[in-house]
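What follows is each chain in one-letter form.
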Amino acid sequence: SKDIPEGTGSEAVALSSRLLALQLLRSIVADSGHAFRSSKQFIFGMKTHLAPTLVTCCLGTSTVAMDISLQIFDILIRRDSSRAWLKFELETLFTTVILRFLESPTAGYLRRRRAILFLASIFEEPQVMVDFFVNYDCDMSSPHIFSRSVMALTS
């Protein structure tokens, strides 16, 4: 897929603006302190605005936007404090994007590869694996994200 759309200049400007905004958000999430990341305003903004937008970017045509969005989720997942309040949002990311790319035969090589690299990155830390197992596979109302991820990686 193309990162800069053909056609009107306004489409290219819109994509460039979106990529710049994502890069700035990645910097904010990566470099902000605990007090900022644990504030009610930040958590509200993440849950209601940023997380749904990141999922949408992962499903779009821009591979750069998808990569930056997954990097932001990676940063948030690796922080213990973020995993606690992002349970529903992470479930949405996994069921809508990651597992969809891994389990669908029509997802395409690049999307599947990005999903595998994302899982390899976050599951590099043993505590993340434990948390995913406890919060999603041991909860009978959750979609068993950890076991589905392992099964998708082994197939």
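Residue positions within a chain follow its written sequence, with the count starting from 1. The model is predicted, so local features are restricted to residues of pLDDT at least 70 and side-chain atom pairs to those at 80 or more, both for listing and for counting; the totals for chains, interfaces and linings are taken over all residues. As a rule here, side-chain values cover all heavy atoms of the structure and leave hydrogens and water aside.

**Comments concerning the overall build of the protein chain**
To be explicit about the condition: Numbering of helices and strands runs from the N terminus; a helix is a DSSP stretch of H or I covering at least four residues, while a strand is a stretch of E covering at least two. Our radius of gyration looks at C-alpha atoms and nothing else; its globule reference is 2.2 Å times the residue count to the power 0.38. For the exposure calls, accessible area comes from a 1.4 Å probe over protein chains only, and a residue counts as buried if that area is under 20% of its type's maximum, exposed if over 50%, partly exposed in between. Working rule for contacts: check all heavy atoms of both residues, and any pair within 4.5 Å makes them a contact. Neither His nor the chain termini are counted; the positive set is Lys and Arg, and the negative set is Asp and Glu. In plain terms, the charge of a residue is placed at NZ if it is Lys, CZ if Arg, CG if Asp and CD if Glu.
Broken down by element type, the protein chain carries nine helices and zero strands. Sequence-ordered secondary structure for the protein chain, helices as α and strands as β, is α-α-α-α-α-α-α-α-α. For the protein chain, whose C-alpha radius of gyration is 16 Å, the value lies close to the compact-globule estimate of 15 Å for 155 residues. Buried positions account for 39% of the 155 residues belonging to the protein chain. Across the protein chain, contacts joining residues at least 24 apart in sequence account for 63% of those joining residues at least 6 apart. Here the protein chain contributes 16 positively and 15 negatively charged side chains, and the mean placements of these two sets differ by 2 Å.

**Some remarks on a nonpolar patch on the surface**
So the rule is basically this: Each patch is assembled from residues with relative accessible area greater than 30% and no salt bridge, linking like charges that lie within 9 Å and nonpolar side chains (Val, Leu, Ile, Met, Phe, Trp, Tyr) that lie within 5 Å. All accessible-area figures derive from a Shrake-Rupley calculation using a 1.4 Å probe, and residue coverage is judged against the displayed protein chains alone. Note on definitions: salt bridges are taken to be side-chain nitrogens of Lys or Arg within 4 Å of carboxyl oxygens of Asp or Glu.
A grouping of Leu25, Ile28 and Phe36 is seen on the molecular surface, where their side chains present a nonpolar patch of about 240 Å² in accessible area. By the element assignment, Phe36 lies in helix α2 (residues 34-37). Residue classification places Phe36 among the partly exposed residues on the basis of a relative accessible area of 42%.

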